[in-house]
Amino acid sequence: MRIQKHLSLTGTISRREGVRLIKEGRITINGVHATHTSTVDQDSVVLLDGQPLKRKKCDIYLLLHKPVGITSTAQKKVEGNIIDFLDFPERIFPVGRLDKQSEGLILMTNDGDIVNKLMKSEFQHEKEYMVTVNRPFSDWFLEKMAEGVDILGQKTLPCQVERVSDDTFTIVLTQGLNRQIRRMTKVFDYRVERLIRIRILDFSLDGLAPGEWRELTEEEVNQLKARLGSTSS
């Protein structure tokens, strides 16, 4: 097993954080500093800063309405990070990102297997957003957004876009390009005034005010794992 996956399966270290710890030389395998190509087996002794890895006590799955101004990172050195904001008693981390200026639904968990599956773009997981721009737009704008837009050296995938009002629309994405919606609207000379993620897969923002969170029910967790083909216990 690759060291990155081994670290994420502890439930206390996300894969992104694991990569950072390896680069910083803080992970050892049988007394040797790990590299990004290192592998482990069931007899390997893996240490973080010379200490055994902490493992999660139980699986945790939360849905949080991230407010504007909070950064969706597990790095505690970042001011206004989502971990300090949530102040949850056990170690959890966000699945994916939602930029600081945006608000809305984000999944928080300590289940590394779920994180890895959701982060893989080939699974094409839907995320829906409500977007308000700085001025009214035409139906032509909606059609062009739905067809795909050239940003970051590539064309975005076709997507569902529907009008809500003169200056607001919903958009369903299966990609996670950096600041994707903001970059897409900018191509047509629009500026995003408000961006809210209102749905991830089958999970809705309904009932959650900014800053509020809820735990997934057992049924919801089972449905999520079944949908992703999760091997987590």
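Each chain has its residues counted from 1, following the order in which its sequence is written. Note on the predicted model: pLDDT of at least 70 is required for a residue's local features to be given, and 80 or more for side-chain atom pairs to be given and counted; whole-chain, interface and lining totals, by contrast, use all residues. To get the side-chain values, all heavy atoms of the structure are used, and hydrogens and water are removed first.

A. Examining the nonpolar core more closely. Nonpolar cores were defined as sets of buried Ala, Val, Leu, Ile, Met, Phe, Trp, Tyr and Cys residues, with membership established by side-chain atoms within 4.5 Å. For every residue, the accessible area obtained with a 1.4 Å probe (protein chains only) is divided by the maximum for its type, and the residue is called buried under 20%, exposed over 50%, and partly exposed between those limits. By size, the foremost hydrophobic cluster in this structure holds 30 residues, and its most contacted members are Leu107, Met108, Leu216 and Leu224. Those elements that provide at least two residues to this core are β5 (61-66), α3 (82-86), β7 (103-109), α4 (112-119), β13 (192-200) and α7 (218-228). The contact criterion used is simple: two residues touch if any of their non-hydrogen atoms lie within 4.5 Å. Other than its neighbours up to four places away in sequence, Leu107 contacts Leu62, Leu63, Phe93, Pro94, Val95, Ile114, Leu118, Ile200, Leu216 and Leu224. In terms of nonpolar packing, the next biggest core, distinct from the first, is built from 21 residues, Val131, Met145, Leu173 and Met184 among them. We count a stretch as a helix when DSSP gives it H or I for four or more residues in a row; a strand needs E for two or more, and each element gets its number in order from the N terminus.

B. The side chain of Gln180, seen in detail. Within the secondary structure layout, Gln180 lies in helix α6 (residues 180-187). What qualifies as a polar contact is a pair of N or O atoms within 3.5 Å, subject to a donor-acceptor requirement within protein and to the restriction that residues adjacent in sequence count only when both atoms come from side chains. At 3.4 Å, the side chain of Gln180 forms a polar contact with the side chain of Gln175. Filtering out sequence-adjacent residues up to four positions away, Gln180 remains in contact with Ile151, Thr156, Leu173 and Gln175.

C. Representation of the packing of aromatic side chains in the model. Between 30 and 60 degrees the pair is tilted, below 30 it is stacked and above 60 it is edge-to-face, where a pair is any two Phe, Tyr or Trp rings, Trp via its six-membered ring, whose centres lie within 6.5 Å. Enumeration over the complete set of coordinates arrives at seven aromatic pairs. Centre to centre, the rings of Phe88 and Trp213 are 5.7 Å apart; their planes meet at 80°, and the pair counts as edge-to-face. Residue Phe88 is found in the loop between α3 and β6 (93-94), and its partner Trp213 is found in strand β15 (residues 213-215); the two are separated by 125 residues along the sequence. Assessed through its relative accessible area of 36%, Trp213 is described here as partly exposed. Arranged with centres 5.6 Å apart and planes meeting at 90°, the rings of Trp140 and Phe188 form a pair that is edge-to-face. Linking Trp140 in helix α5 (residues 139-147) with Phe188 in the loop between α6 and β13, this pair joins segments that are 48 residues apart in sequence. Joined through ring pairs, the aromatic side chains of Phe137, Trp140, Phe141, Phe169, Phe188 and Tyr190 make up one cluster.

D. A look at α6. Inspection of α6 places Gln180, Ile181, Arg182, Met184 and Thr185 among the buried residues, and these make up the whole buried set. Where α6 is buried, its residues touch β8 (127-133), α5, β9 (150-151), β12 (168-173) and β13. A positive backbone phi angle near 70° is found at Asp189, which sits one or two residues after α6.

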